[in-house]
Amino acid sequence: MGKKLLFIYNPHSGRGMIRMSLSDIIEIMVRAGYEVSVYPTQKPKDAMEQTLSHGGEYDRIVVSGGDGTLDEVVTGVMKSGLDVPVGYIPAGSTNDFGASLGIPKDMTQAANIASWGIPRAFDVGRFGDDYFVYVAAFGIFTQTAYSTSQQLKNVLGHSAYILSAFKQLRDIPSYRMQVEYDGNVLYDEFIFGMVTNTLSVGGIKGIIPGDKKLDDGLFEVTLVKTPKNPMELNEIVGGLTGVLKDADTDMVSSFQTRSIVFTTAEEIPWTLDGEYGGSVSKVQIENLHRKMNIVVESDQKKAYNVSDE
């Protein structure tokens, strides 16, 4: 029996750009020695359901779509306890994780890596009973990701997120919460928070400070306090864009941790990899160190942002 590959793709991601490359992608997979089963997703959570139901029948799963589609497949792999490697062909309007892995935007180049590359163990996040690949977040910028329509995302790309966020600035939701990590307890009001394992968020690099590796067992956490006046708002913008150094503002807290617990009086909505992840009043977020096998270039030097062996 030959090797079997399940190819799951979202036909609507990134203006449906995969349609132009579909036959080339499948041909690359066949040339790599795989018997290929192709599944276009039909509805939300479809990629996860297909992975849960059929992932164990395959030697490799390749997913094409945005980071949300990748999240569904990884969640399916984690929930089913499978050890099947996942290849990724980015096709969304914003592909933060693909860029962090050094996967090119050109779909046939990405298909070559997904088909011929080697599995490497990366960290994955656990959010309560759910999972995420690279970001769990709450607050102002996060609601824009899942409330911005697919059509608008396709037309505007990164600016869709930024435009939607600024529309909300007049009425910024603020959350009083307790944050516990590594023996520390913060208690404050925040407009935004994110727990990440990536180099960029919303296509913007430089938001997350510090030395970042995708397999070091650590999350990068960024918390933004509620501004009480325009000066504090300017501090936040400066802190997030790197104009101000970390020490210049106490409006933005940044640190690394393996595990963190958020507690609020009311349930607040979270996003996981840019899609709605549910509303909770208390959640523990844990880094599952090197628990997810993702296919990267066989040349180790080209596989970005991994620890030295």
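To start, this report covers the structure provided alongside it. (Residues numbered from 1 in each chain as written. Predicted model: local features only at pLDDT ≥ 70, side-chain atom pairs only at ≥ 80, totals over all residues. Heavy atoms only, no water.)

## Things to note about the overall build of the protein
- Looking only at helices and strands, one finds 9 helices and 15 strands in the protein.
- Long-range pairs, those at least 24 residues apart, make up 73% of the contacts in the protein with a sequence separation of at least 6.
- Total accessible area on the protein stands at roughly 14100 Å², and carbon and sulfur atoms take up 51% of it. (Helix = DSSP H or I, 4+ residues; strand = E, 2+ residues; numbered from the N terminus. Contact = heavy atoms within 4.5 Å. Areas by Shrake-Rupley, 256 points an atom, 1.4 Å probe, with all protein chains shown as cover.)

## What to know about the pairing of strand 9 (residues 184–196)
- With 5 bridges connecting them, strand 7 (residues 135–139) and strand 9 associate as antiparallel partners. Note that in strand 9 the partner of A136 across the bridge is V195.
- Note that strand 8 (residues 175–181) and strand 9 share 7 bridges and pair antiparallel. Looking at the pairing, Y175 lines up with F190 of strand 9.
- Counting the residues that bridge the hairpin from strand 8 to strand 9 gives 2 residues, and of these D182 lies at a positive phi of roughly 50°.
- Note: strand 9 against strand 12 (residues 219–225), 6 bridges, orientation antiparallel. Bridge assignment links G193 to a residue of strand 12, and that residue is L223. (Pairing = 2+ DSSP bridges.)

## As for the packing of helix 2 (residues 46–54) against helix 3 (residues 67–80)
- Where helix 2 contacts helix 3, the axes come no closer than 7 Å and their chain directions differ by 30°. Relative to helix 3, the element helix 2 is oriented roughly parallel. In the crossing of helix 2 with helix 3, the sense of the turn from one axis to the other is right-handed. When helix 2 is examined against helix 3, the residues D46, A47, M48, T51 and L52 are found in contact with a partner set consisting of T69, E72, V73, T75, G76, V77, K79 and S80.
- Within the contact of helix 2 with helix 3, the residues separate by chemical class into 5 nonpolar, 5 polar and 3 charged. (Axes fitted to C-alpha atoms, helices over the stretch in contact; angles between N-to-C directions. Parallel < 35°, antiparallel > 145°, perpendicular 65-115°, else oblique. Left-handed = near helix turned anticlockwise from the far one by under 90°. Nonpolar A, V, L, I, M, F, W, Y, C, P; charged D, E, K, R; others polar.)

## Overview of the nonpolar core
- Among the nonpolar cores identified, the biggest contains 56 residues, and F7 and I89 are the most heavily contacted of them.
- Apart from the residues lying within four places of it in its own chain, the contact partners of F7 are I18, L22, I25, I26, M29, V36, S37, V38, Y39, V62, S64 and I89.
- Listed in part, the 21 residues of the second largest apolar core include F132, Y175, I260 and I268. (Core = buried A, V, L, I, M, F, W, Y, C linked by side-chain atoms within 4.5 Å. Buried < 20%, exposed > 50% of the residue type's maximum accessible area, 1.4 Å probe, protein only.)

## As for the environment of E220
- With respect to the secondary-structure elements, E220 resides in strand 12.
- With 21 residues separating them along the chain, E220 and L199 place their C-alpha atoms 9.8 Å apart.

## Things to note about the pattern of salt bridges
- Taken as a whole, this structure holds 8 salt bridges when the rule is applied.
- In this structure, D215 and R120 form a salt bridge, with 3.7 Å as the shortest nitrogen-oxygen distance. Placement of the pair is D215 in the loop between strand 11 (204–205) and strand 12 and R120 in strand 5 (residues 118–127), with a sequence separation of 95 residues.
- In this structure R120 comes out as buried when scored by relative accessible area, which is 10%.
- Ionic pairing is found between K225 and D188, a salt bridge with its closest N-O pair at 3.7 Å. With K225 in strand 12 and D188 in strand 9, this pair connects stretches of sequence that are 37 residues apart.
- According to the relative accessible area criterion, D188 is partly exposed, its value standing at 24%.
- Shared partners join several salt bridges into a network, and the residues in it are K43, D46 and E49. (Salt bridge = Lys/Arg side-chain N within 4 Å of Asp/Glu carboxyl O.)

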